[in-house]
Amino acid sequence: MQVQGPLSAWLVKHGIIHRSLGFDYRGIETLQIKPEDWDSIAVILYVYGYNYLRSQCAYDVAPGGLLASVYHLTRIEYGVDQPEEVCIKVFASRRNPRIPSGFWVWKSVDFQERESYDMLGISYDNHPRLKRILMPESWIGWPLRKDYIAPNFYEIQDAR
């Protein structure tokens with residue numbers, strides 16, 4: 001039996017579709033949101049008080065499987081010593097991994113979503129500057145995907 005956290009209970013009460021994934025090792029509630037619901041639910045979470053994006057990352061769930069974009073959100077309130085945190089996971093298909101960008105809610109996600117795009121190929125819809133950030137623009141493929149085949153050559157770039 002999975003225990004429902006306070007945010008999940010609030011979302012259920014207000015008819016907002018999601019899936020509770022339980023709690024992580026630190027006791028942080030983890031929720032799954034569908035990609036098509038993420039842009040509206042992101043706004044709802046911000047209005048609910050999750051005004052700080054602690055981090056965003058992405059990972060390849062399994063070779064040939066789904067890709068995940070993960071958002072760690074915090075409610076920053078005056079006079080609260082232990083702010084409430086939540087982890088949101090948005091899974092996307094490997095064939096066409098598209099997720100609405102969180103940029104228009106949390107501006108600090110800018111470079112983090114760009115890194116997820118660069119390393120895993122997740123396209124963040126409506127991101128203002130979605131382009132490679134670590135790899136050269138000419139790079140082919142997504143280096144952190146589990147099915148990525150590394151090229152057998154490495155170009156030495158001119159550092160001048």
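Definitions and cut-offs
Residues numbered from 1 in each chain as written. Predicted model: local features only at pLDDT ≥ 70, side-chain atom pairs only at ≥ 80, totals over all residues. Heavy atoms only, no water. UniProt positions renumbered as here; feature names shortened; annotations may be inferred. Helix = DSSP H or I, 4+ residues; strand = E, 2+ residues; numbered from the N terminus. Phe/Tyr/Trp six-rings, centres within 6.5 Å; stacked < 30°, edge-to-face > 60°. Buried < 20%, exposed > 50% of the residue type's maximum accessible area, 1.4 Å probe, protein only. Lys NZ or Arg CZ within 6 Å of the ring centre and 35° of its normal. Lys, Arg positive; Asp, Glu negative; His and termini not counted. Salt bridge = Lys/Arg side-chain N within 4 Å of Asp/Glu carboxyl O. Polar contact = N/O pair within 3.5 Å; in protein donor to acceptor, adjacent residues only side chain to side chain. Contact = heavy atoms within 4.5 Å.

J.: Which residues make up the UniProt feature "domain: NADH:ubiquinone oxidoreductase 30kDa subunit" (unreviewed entry) in the protein chain, and what values do they have?
T.: Following the UniProt record, the feature "domain: NADH:ubiquinone oxidoreductase 30kDa subunit" (unreviewed entry) maps to residues 32-150 here. Segment residues 32-150 splits into 21% helix and 28% strand. End C-alpha atoms: 31 Å apart.

J.: Describe the packing of aromatic side chains, naming the residues involved and giving the relevant values.
T.: A full pass over the atoms with the stated rule returns seven aromatic pairs. Measuring from centroid to centroid gives 6.5 Å for Tyr 46 and Trp 106, while their planes differ by 65 degrees, and the two rings are edge-to-face. Residue Tyr 46 is found in helix 2 (residues 35-48), and its partner Trp 106 is found in the loop between strand 6 (98-100) and helix 3 (110-120); the two are separated by 60 residues along the sequence. Both rings, one in Tyr 48 and one in Tyr 50, keep their centres 5.9 Å apart while their planes meet at 20 degrees; by these two values the pair is stacked. As far as burial versus exposure is concerned, Tyr 48 and Tyr 50 are alike and both buried. Cluster of aromatic residues (ring-pair linked, three or more members): Trp 38, Tyr 46, Tyr 71 and Trp 106. A cation over an aromatic ring shows up here: Arg 75 above the ring of Tyr 48, its NZ or CZ 4.5 Å from the ring centre. For Arg 75, the ring lying beneath its charged end belongs to Tyr 50, and the centroid distance is 5.8 Å.

J.: Explain the side chain of Arg 114 residue by residue, including any values.
T.: Checked against the element boundaries, Arg 114 lands in helix 3. Buried within the structure, Arg 114 lacks any salt-bridge partner; its nearest side chain of opposite charge belongs to Asp 110, at an N-O separation of 4.9 Å. Looking at Arg 114, its side chain comes within polar contact range of the main-chain oxygen of Lys 131, at 3.3 Å. Other than its neighbours up to four places away in sequence, Arg 114 contacts His 127, Arg 129, Leu 130, Lys 131, Arg 132 and Ile 133.

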